[in-house]
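# Architecture and fold: a report
The residues making up each chain are set out below.
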Amino acid sequence: MSDDIRISDQIEARLRAAFTPEALSVEDESESHRGHAGWREGGQTHFHVALQAPELKGLTRLARHRAVHAALGAELIARIHALRLTLS
């Protein structure tokens, strides 16, 4: 995906492609981390993803996190400084 597309939009698109979300929100929390490690002007560094999807049910917490990371891909994960996940 192009660098012109907001990272939050890329996160949402990849998660919608990989899962059947019953609920999904992607929040850019970068501004609340201004001055902290990894923060960049323009944001798009710190995210909170809340995802509820049937594919995650019955998985351990670690397995849910791994599934989300796999769906996002290494290239996109490398562009994110912090990713807070709330998964069910």
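This text gives an overview of the structure that appears in the document.

About the cut-offs
Residues numbered from 1 in each chain as written. Predicted model: local features only at pLDDT ≥ 70, side-chain atom pairs only at ≥ 80, totals over all residues. Heavy atoms only, no water. Salt bridge = Lys/Arg side-chain N within 4 Å of Asp/Glu carboxyl O. Helix = DSSP H or I, 4+ residues; strand = E, 2+ residues; numbered from the N terminus. Buried < 20%, exposed > 50% of the residue type's maximum accessible area, 1.4 Å probe, protein only. Axes fitted to C-alpha atoms, helices over the stretch in contact; angles between N-to-C directions. Parallel < 35°, antiparallel > 145°, perpendicular 65-115°, else oblique. Left-handed = near helix turned anticlockwise from the far one by under 90°. Contact = heavy atoms within 4.5 Å.

## As for the pattern of salt bridges
Here the idea is simple: oppositely charged side chains can pair when their charged atoms come close. For the structure shown, the criterion picks out six salt bridges. In this structure, glutamate 75 engages arginine 14 in a salt bridge whose closest nitrogen and oxygen atoms are separated by 3.3 Å. One end of the pair, glutamate 75, is in helix H3 (residues 74–78); the other, arginine 14, is in helix H1 (residues 7–18), with 61 residues separating them in the sequence. Owing to a relative accessible area of 39%, glutamate 75 belongs among the partly exposed residues under this scheme. Classification of arginine 14 by relative accessible area gives buried; the value is 17%.

## Some remarks on the packing of H1 against helix H2 (residues 61–72)
The interhelical angle for the contact between H1 and H2, taken along N-to-C directions, is 115°, at an axis separation of 9 Å. Relative to H2, the element H1 lies roughly perpendicular. Between H1 and H2 lies a crossing whose hand is right-handed. Contact residues: H1 offers Ile11, Arg14, Leu15 and Ala18, while H2 offers Val68, Ala71 and Leu72.

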